[in-house]
Amino acid sequence: MDWEKLQHIDIRILYVIILVCLLIPMFKPIGLPIAISDATRQVYETIENLPDGSVIWVSHDTGPGNAPELNPMITALARQAFRKNCKIIATAFFNETVGPTLVYTHINEVAEEMGKEYGVDWINLGYRINADATMKLMVENIAEGALGVDWQGEPLDKFPIMQEVKSIRDDVDLLFVTTVGSPGYSDWMQYVAEPLNKPLTGGASLTMYSGLQHYIRSGQLKGFLGGLRGAAEYELLVGAPGKGCAGMDAQSLGHVTIIVFLILGNIGYFAAKKQRQQETY
Amino acid sequence: MKKQLPLIVVAVTAIIVMAVKFIDLGDFGAATIKELDTWSQVTYEFAFLLGAINLTRLHYGNVSKKRPKWVYSVIALIAMVAAAIITLVNGVKGDVTVFVVENIANRIDSAVYALLGFYVCSAAYRSFKLKNVEATLLLGAAVLLMLAQAPIGDAIFPGISKVGEWILSVPNSAGMRGIRLGAGIGAYAASIRVILGLERSWTGS
Amino acid sequence: MTVEQLGNISASICIIMAWSYLWKEDNPLYNLAEHLLVGIATGYGIGYTILVQLVPRINDEIIGNQHYSLIIPAIIGCLIYCRFFPGYEWLSKICMGFWIGYGAGNHLAFNPATYMPQVFDTFINLTNINNILYFLIVIVVIWYFIFTVRKDTPVRSGASQLGRYALMIAFGSAYGSITMAYLSLIIGQLEIIFRDTLHLIK
């Protein structure tokens with residue numbers, strides 16, 4: 001076998017293989033069980049232990065790239081929150097083209113199903129430029145930070161929820177932040193959670209999940225969901241498997257494929273090296 | 001004065017922000033920081049055309065000088081103007097706006113980002129070789145975690161998800177904390193250098 | 001055909017256009033997709049900022065509430081455009097200076113509150129193997145990054161090497177997580193094509 005040639009295989013063949021391996025379980029689901037991690041369980045219990053009727057601040061700080069990982073978290077969170085008759089204030093500080101619409105769509109889907117009304121039980125304040133300054137303003141006065149309007153430009157004083165929830169400092173009980181970078185959990189921790197001693201939880205894209213484990217360990221994050229896997233676990237705990245769980249089988253086969261690539265690539269590397277050494281001698 | 005004024009602005013702004021935080025100035029302090037936060041928002045709001053102007057200059061230059069692929073620059077400019085008009089006329093949540101943003105821009109953006117997944121796969125085959133102890137440790141941890149994170153890991157090796165959790169919460173967390181502690185000190189040093197005017201690369205000098 | 005179906009078809013076409021890069025780099029479909037994205041995102045950003053930020057700011061805040069002091073930051077913000085006028089670029093540095101000063105001041109004022117708990121939490125009770133391992137790994141990793149001390153003794157160089165190994169495990173964990181993240185992005189796109197558009201999967 002020409003290991004050298006195998007090392008320089010046309011890259012498009014690898015792309016086709018990974019696509020096929022991801023597609024097979026989508027057509028033929030395997031239904032593998034998903035173990036729940038401690039971090040996810042901590043997120044669920046933090047929210048479950050809130051008194052009914054609490055106010056949860058949800059910030060869907062995601063871009064379009066990572067949205068498929070984080071959207072199921074918002075849906076599951078809305079379900080758990082509305083089941084406890086909690087109020088939701090939503091924002092999206094990372095990206096204006098995606099965040100406000102996604103957070104609206106995913107919360108609204110659950111709200112309509114559970115009979116919750118926009119402006120009464122939840123509201124979407126959308127995206128604001130300069131997240132740091134906006135967070136600091138909203139700590140004392142939410143309407144000032146949001147310029148007195150919601151994400152569509154409607155005046156806030158016409159919504160009953162904003163008569164009850166005036167500031168993060170006095171009226172918000174928990175922060176749930178889905179994050180892919182900055183602005184994200186680190187800004188919420190810095191400007192809101194630590195100064196006000198508010199519990200901060202949420203979820204992160206797996207691209208940054210390993211980099212925030214030390215905050216979970218120190219207790220600064222009350223658990224955190226990790227990507228699509230975390231979303232799937234959270235959906236199971238909430239009792240409503242959805243898009244998170246649906247993607248897990250494809251993930252499994254995808255991971256196995258990459259591990260096979262790693263093994264084959266290294267076998268090829270060492271075999272080619274040995275072949276070259278033998279040819280030299 | 002042209003070189004000193006921006007540095008003075010940096011120092012004065014930073015000192016005001018820190019003074020209000022560390023010194024209890026009562027209502028005056030609260031009002032000052034609120035005003036400064038609002039000023040910060042307003043400056044960003046009024047600077048919103050910066051990206052659009054840069055884009056226009058770049059693509060207009062391509063079109064006027066008929067550089068290669070100038071046709072795409074025309075498309076970019078038309079798309080920018082059209083999207084702005086559609087949003088202003090139809091509103092942020094208007095049907096046409098949502099259709100254009102959700103089904104074109106966001107889809108392309110997420111698809112381009114997803115390309116990285118394919119590159120990870122090709123890197124797994126071509127680039128990650130067990131050449132030394134460090135590479136072995138890196139790949140070993142990566143393989144363990146990949147198996148632990150996917151449900152198939154527990155199906156093949158029962159309990160591997162707990163191993164993955166341990167790797168994340170002990171060695172990974174400790175390593176990241178060490179990095180964060182060091183980087184944090186570095187960030188404070190960099191901030192102090194900027195405030196004192198010792199860091200001037202951003203002024204172009 | 002409903003608007004939703006049309007949207008899904010448009011989304012699928014856009015995904016295929018973007019992924020055409022995998023087949024042939026720098027092809028017309030990909031270039032078209034790239035330039036459409038840049039144009040639409042910028043245009044939408046302009047519209048969103050005007051409708052949701054500028055109009056309420058000017059109408060309600062500055063004129064309505066007579067908060068005229070906000071004219072000053074408005075002028076500072078507009079100074080950024082001076083970078084496009086030769087001879088006046090230095091004025092744009094005033095705006096940048098304000099942003100940098102505000103950011104640096106905030107960082108020094110607020111970040112210690114998130115940083116210090118990390119330091120405190122490192123000094124944990126060394127009562128079990130996990131805690132001992134955790135503490136040791138943090139110490140050797142910090143030791144690895146101290147480049148101003150010569151690592152010429154076996155203990156110093158050995159500790160530094162252990163720090164490297166610990167970092168490799170951390171980066172390996174990051175790579176494993178990142179792989180999963182990127183695979184889920186691909187799965188998300190495939191779901192749009194095969195479930196939402198072609199209805200071939202549930």
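Remember, it's a predicted structure, so these values are computed and weren't measured experimentally. (Residues numbered from 1 in each chain as written. Chains lettered and ligands numbered in written order. Predicted model: local features only at pLDDT ≥ 70, side-chain atom pairs only at ≥ 80, totals over all residues.)

1. Quick word on the interface of chain A and chain C
Across the boundary between the two partners, chain A contributes 44 residues, which contact 38 residues of chain C. For the side of chain A that touches chain C, the secondary structure elements donating two or more residues are α2 (11–27), α4 (67–83), α10 (185–196), α11 (206–209), α12 (213–218), α13 (227–238) and α15 (248–280) of chain A. If you tally residues by element for the side of chain A that touches chain C, the top one is α2 of chain A, at six residues. Looking at the side of chain A that touches chain C, its residues break down into 18 nonpolar, 18 polar and eight charged. (Contact = placed C-beta atoms within 7 Å. Helix = DSSP H or I, 4+ residues; strand = E, 2+ residues; numbered from the N terminus. Nonpolar A, V, L, I, M, F, W, Y, C, P; charged D, E, K, R; others polar.)

2. Quick notes on the domain arrangement of chain A
Domain boundaries assigned for chain A yield domain 1 (3–30 + 250–280) and domain 2 (38–245). Look at where the C-alpha atoms of domain 1 of chain A and domain 2 of chain A centre, and you get two points 39 Å apart. (Domains from an automatic or database assignment.)

3. Digging into the interface of chain B and chain C
Every contact between the two is made by 97 residues of chain B and, on the other side, 93 residues of chain C. For the side of chain B that touches chain C, the secondary-structure elements that each account for two or more residues are α1 (4–22), α2 (26–46), α3 (50–64), α4 (70–90), α5 (95–126), α6 (133–149) and α8 (160–195) of chain B. The residue makeup of the side of chain B that touches chain C, split by class, is 68 nonpolar, 19 polar and 10 charged.

4. Structural notes on the pairing of strand β2 (residues 87–91) of chain A
Note on strand geometry: in a regular strand, side chains alternate between the two faces of the sheet. All names here are of chain A. Burial analysis of β2 places five of its five residues in the buried class, which makes it a mostly covered element. Direction of pairing for strand β1 (residues 55–61) relative to β2: parallel, over a ladder of five bridges. Within β2, the residue paired with Trp-57 across the bridge is Ile-89. Pairing of β2 with strand β3 (residues 122–126), which is carried by four bridges, proceeds in the parallel orientation. Counterpart to Ile-89 in the pairing with β3 is Ile-123. The β-α-β motif built from β2, the intervening helix α5 (residues 99–113) and the parallel element β3 has right-handed crossover chirality. (Buried ≥ 20, exposed ≤ 12 C-beta atoms within 10 Å, placed from the backbone. Pairing = 2+ DSSP bridges. Right-handed = clockwise from strand over helix to strand, strands pointing away.)

5. Points about unusual backbone geometry
Look at the link from Ser-182 of chain A to Pro-183 of chain A: it is a cis peptide, with omega at 0°. Position of Pro-183 of chain A among the secondary structure elements: in the loop between β4 (174–179) and α10. A positive phi angle, close to 55°, is found at Asn-197 of chain A, a residue other than glycine. With respect to the helices and strands, the residue Asn-197 of chain A is situated in the loop between α10 and β5 (200–204). Note on Asn-197 of chain A: 7 C-beta atoms within 10 Å, which makes it exposed. Positive phi, normally seen in glycine, also occurs at Lys-69 of chain B, with a value near 60°. As for its placement among the helices and strands, Lys-69 of chain B is situated in the loop between α3 and α4.

6. Details of the sheet that holds β1 of chain A
Sheet strands pair via backbone hydrogen bonds, and the direction of the pair is either parallel or antiparallel. Residues and elements named next belong to chain A. Reading across from one edge, β3-β2-β1-β4-β5-β6 is the order of the six strands in this open sheet, with parallel pairing throughout. Only two strands of the sheet have a single neighbouring strand rather than two, namely β3 and β6 (225–226). Across two bridges, β5 lies against β6 in parallel orientation. Looking at the pairing, Gly-203 lines up with Leu-225 of β6. Against the sheet, α4 contacts β1, β2, β4, β5 and β6, and its axis sits at roughly 170° relative to β1. (Axes fitted to C-alpha atoms, helices over the stretch in contact; angles between N-to-C directions.)

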